[in-house]
Amino acid sequence: MPEHDSGIRPEKDGGRAALGESGGQVAPEENGTIRRFVEDKIPTGLWVRVFVYVVAAHGVAAFLYLLFVLGAKNQ
């Protein structure tokens, strides 16, 4: 029975083989390290949403703080 090949091979060039000649990524079948890199990477859209939610939450918190500060001055 032949051994199972997981498709993941050790990086001999420090990961530089992940980029093709044009600077883009090559297909996972051509280089086994690509699939692991893509699966471990968080999608860009998720980073953008998290950033927007964090900024919006801090904006709401700053607005509420401002309301409490201004309300305390008027008493």
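Look above for the structure.
Definitions and limits used
Residues numbered from 1 in each chain as written. Predicted model: local features only at pLDDT ≥ 70, side-chain atom pairs only at ≥ 80, totals over all residues. Heavy atoms only, no water. Helix = DSSP H or I, 4+ residues; strand = E, 2+ residues; numbered from the N terminus. Buried < 20%, exposed > 50% of the residue type's maximum accessible area, 1.4 Å probe, protein only. Areas by Shrake-Rupley, 256 points an atom, 1.4 Å probe, with all protein chains shown as cover. Patch = residues over 30% accessible without salt bridge, like charges linked within 9 Å, V, L, I, M, F, W, Y side chains within 5 Å. Salt bridge = Lys/Arg side-chain N within 4 Å of Asp/Glu carboxyl O.

Before going further, it helps to spend a moment on the overall build of the protein. The helix and strand inventory of the protein stands at two helices and zero strands. Burial statistics for the protein: of 75 residues in total, 7% are counted as buried. For the protein, the exposed area adds up to about 6,900 Å²; of that, 63% sits on carbon and sulfur atoms.

Turning next to a nonpolar patch on the surface. A surface patch of nonpolar side chains, amounting to about 710 Å² of accessible area, comprises Val-60, Phe-63, Leu-64, Leu-66, Leu-67, Phe-68 and Leu-70. Among the secondary structure elements, Leu-64 is positioned in helix 2 (residues 44-73).

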